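# A structural walkthrough
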Amino acid sequence: PMEEKSESFSLLKIFSARAAAEMEREMVAQALRESEEKFRLTFSTSPDAININRVEDGFYVDINEGFTSLTGFTRDDAIGNTSLEIKIWNDERDRQELVRGLKEKGYYENLEAQFRRKDGTLTTALVSARVISLGGVPHIISITRDISERKRAEEAMKESEERFKILSERSP
C-alpha cells in the first residue's frame, strides 16, 4: 500500500508537470498569435508606406497598401523585384545613405529623399528604417511618410516672405 501511494504520487507529479508545461506552451503560443496579429494589422492598415526589403539588394519581400497609395506600385509590381529594378529612388545615393546608416547603427531615422512614383512623377518623403533578421538574412523594415505637401507649403511660405521683404525694402 505504501509503495502504491508513492507510485501514484510520482505519477501525479509527472502528470501535473506535463499539464503545467502544456498550459505554459499554449499561453506562449497565444501571446505569439496576438503579437503576429498586432503586427499584421499595423502593417496592413498604416496610411504610411511600409515595406520589407533585403538589405543586400533591396529585393521587396512585402509592401502594404500605404506603399501602393504613395508610389502607385502594386504588390505585383514590387514583390520579387528590387528597388533599383522598379527605379523608385530618384537618386541612388539616397538608398546608399540609408543602407550605410543601417549597417552602422541598425536603424535610420528621417532620411528625406525623392521617390519616383509608377507614373514617373516625383514625391518627397521621410524614411525611417530598422534592420530585422528574417530567416537569418538581414532585411530592412521601413516606414515612409509623404511630405510633399508640407514641402510645397514651406516653399510657398518662403517665396511669400521673400516677396514681402522685397516690397518692404522698396517702400518709402
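The present account deals with the structure reproduced in this document.

For the protein chain, the count of helices and strands is five helices and five strands. Put simply, the protein chain runs from its N terminus to its C terminus through helices and strands in the order α-β-β-α-α-α-β-β-β-α. For 172 residues, the compact-globule formula gives about 16 Å, and the C-alpha radius of gyration of the protein chain, at 27 Å, lies well above that figure. On the principal axes, the C-alpha backbone points of the protein chain span a range of 115 × 40 × 30 Å.

On to the side chain of Thr124. Checked against the element boundaries, Thr124 lands in strand E4 (residues 122-134). In contact with Thr124, other than residues within four places in its own chain, are Glu112, Ala113, Gln114, Arg145, Asp146, Ile147, Ser148 and Lys151.

Spatial strand order, E2-E1-E5-E4-E3: five strands in an open sheet with antiparallel pairing. Each end of this open sheet is capped by a strand with a single partner; those strands are strand E2 (60-63) and strand E3 (107-116). Adjacent strand axes in the sheet meet at a mean angle of 25°, parallel and antiparallel pairs treated alike. Two elements, strand E1 (residues 49-54) and E2, share three bridges in a ladder whose sense is antiparallel. From the neighbouring strand, Ile52 faces E2, where its bridge partner is Asp62. Relative to the sheet, helix H4 (residues 92-105) contacts E1, E3, E4 and strand E5 (137-146), its axis offset from that of E3 by approximately 170°.

The biggest cluster of nonpolar side chains holds 22 residues, and the ones touching the most others in it are Tyr60, Phe67, Ile88, Trp89, Leu98 and Phe115. Secondary structure elements with two or more residues in this core: E2, helix H2 (65-71), H4, E3 and E4. In terms of residue count, the dominant contributor to this core is E3 (four residues). Every residue in contact with Tyr60, bar those within four places of it in the chain, is listed here: Asn51, Ile52, Asn53, Phe67, Ala78, Ile79, Gly80, Asn81, Thr82, Ser83, Ile86 and Ile88.

Summed over all chains, the structure comprises three aromatic pairs. For the ring pair Trp89 and Phe115, a centre distance of 4.8 Å and an interplane angle of 50° mean the geometry is tilted. Residue Trp89 is located in the loop between helix H3 (75-78) and H4, and its partner Phe115 is located in strand E3; the two are separated by 26 residues in the primary sequence. Owing to a relative accessible area of 6%, Phe115 belongs among the buried residues under this scheme. We note Lys105 situated over the ring of Tyr108; from NZ or CZ to the ring centre the distance is 5.6 Å.

Calculation rules
Residues numbered from 1 in each chain as written. Predicted model: local features only at pLDDT ≥ 70, side-chain atom pairs only at ≥ 80, totals over all residues. Heavy atoms only, no water. Helix = DSSP H or I, 4+ residues; strand = E, 2+ residues; numbered from the N terminus. Rg over C-alpha atoms; globule rule 2.2 N^0.38 Å. Contact = heavy atoms within 4.5 Å. Pairing = 2+ DSSP bridges. Axes fitted to C-alpha atoms, helices over the stretch in contact; angles between N-to-C directions. Core = buried A, V, L, I, M, F, W, Y, C linked by side-chain atoms within 4.5 Å. Buried < 20%, exposed > 50% of the residue type's maximum accessible area, 1.4 Å probe, protein only. Phe/Tyr/Trp six-rings, centres within 6.5 Å; stacked < 30°, edge-to-face > 60°. Lys NZ or Arg CZ within 6 Å of the ring centre and 35° of its normal.

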